[in-house]
Amino acid sequence: MMQQNILISGTGGQGIIASGEFLSEALFMNDFEVMFSRSYGASARGGACMSRIMVADHVINDLQFMQSDVLLCLSLPAFKKYMPLARPDSLIIVDTHVQNRAEDIREDLEIVQVPARDIAVGLGNQIVANMVMLGALAKHSEMVYLDLLKDAVNTNMRESMREINLKALQMGYDSV
């Protein structure tokens, strides 16, 4: 039986909640059991923000999310706050700008740096850095598939933002 706890973290306004929704949808389309929750500060834009996704190939009976197996970080405050929740040998996918400013990084983690912000800015909209990170996750995960993430975007993203988000997913996948 396989189960993973995935935590996506950053600052309000970075699309952290949307990332969790798209990832949950893609995992559900792959016939996994999925539990999704989110948390954000009272003033969402600019405050701490996270999405938690529990995914399993069996019924999820215990809904306690105490530690993460996978952690995506788009901001330095989120990296500092949530890195202690990562289990040893967890996969940490972190924006290069965050990694370059981080201190006291644990040695027992698999760190993957992604130039998410740079890719997003190159595409013309920094907000799609979240999708770059999801693309990178698809490259490193046995449970997350790029095609299913793209299907979730095609199904749930408003048309005006669909193309740039699909490009961001692909570029994130190709960047790692």
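The sections below set out a description of the structure shown in this document. Bear in mind the structure is a predicted one, so any value in this text is a computation, not a measurement.

What to know about unusual backbone geometry
Here's step 1: Even without a glycine there, the phi angle at Asp31 is positive, about 65°.
Here's step 2: Of note, Asp31 is situated in the loop between α1 (16-29) and β2 (33-40).
Here's step 3: Judged by relative accessible area, which is 71%, Asp31 ranks as exposed.
Here's step 4: The phi torsion at Asp89 lies on the positive side, around 70°, for a residue other than glycine.

Focus: the packing of helix α5 (residues 129-140) against helix α7 (residues 159-174)
Here's step 1: The interhelical angle for the contact between α5 and α7, taken along N-to-C directions, is 45°, at an axis separation of 6 Å. On the basis of the axis angle, α5 is oblique to α7. For the element pair α5 and α7, the recorded crossing hand is right-handed. Contact residues: α5 offers Met131, Val132, Leu134, Gly135, Ala136, Ala138 and Lys139, while α7 offers Asn165, Ala168, Leu169, Gly172, Tyr173 and Asp174.

A look at α5
Here's step 1: Its 12 residues place the ends of α5 17 Å apart at the C-alpha level, agreeing with the 16 Å of an ideal helix rising 1.5 Å per residue.
Here's step 2: Burial analysis of α5 places 10 of its 12 residues in the buried class, which makes it a mostly covered element.
Here's step 3: Ala129, Asn130, Met131, Val132, Met133, Leu134, Gly135, Ala136, Leu137 and Ala138 are the residues of α5 that are buried.

Rules of the game
- Residues numbered from 1 in each chain as written.
- Predicted model: local features only at pLDDT ≥ 70, side-chain atom pairs only at ≥ 80, totals over all residues.
- Heavy atoms only, no water.
- Helix = DSSP H or I, 4+ residues; strand = E, 2+ residues; numbered from the N terminus.
- Buried < 20%, exposed > 50% of the residue type's maximum accessible area, 1.4 Å probe, protein only.
- Axes fitted to C-alpha atoms, helices over the stretch in contact; angles between N-to-C directions.
- Parallel < 35°, antiparallel > 145°, perpendicular 65-115°, else oblique.
- Left-handed = near helix turned anticlockwise from the far one by under 90°.
- Contact = heavy atoms within 4.5 Å.
- Expected span 1.5 Å × (residues − 1).

As far as function goes, none of this settles anything; it's purely spatial.
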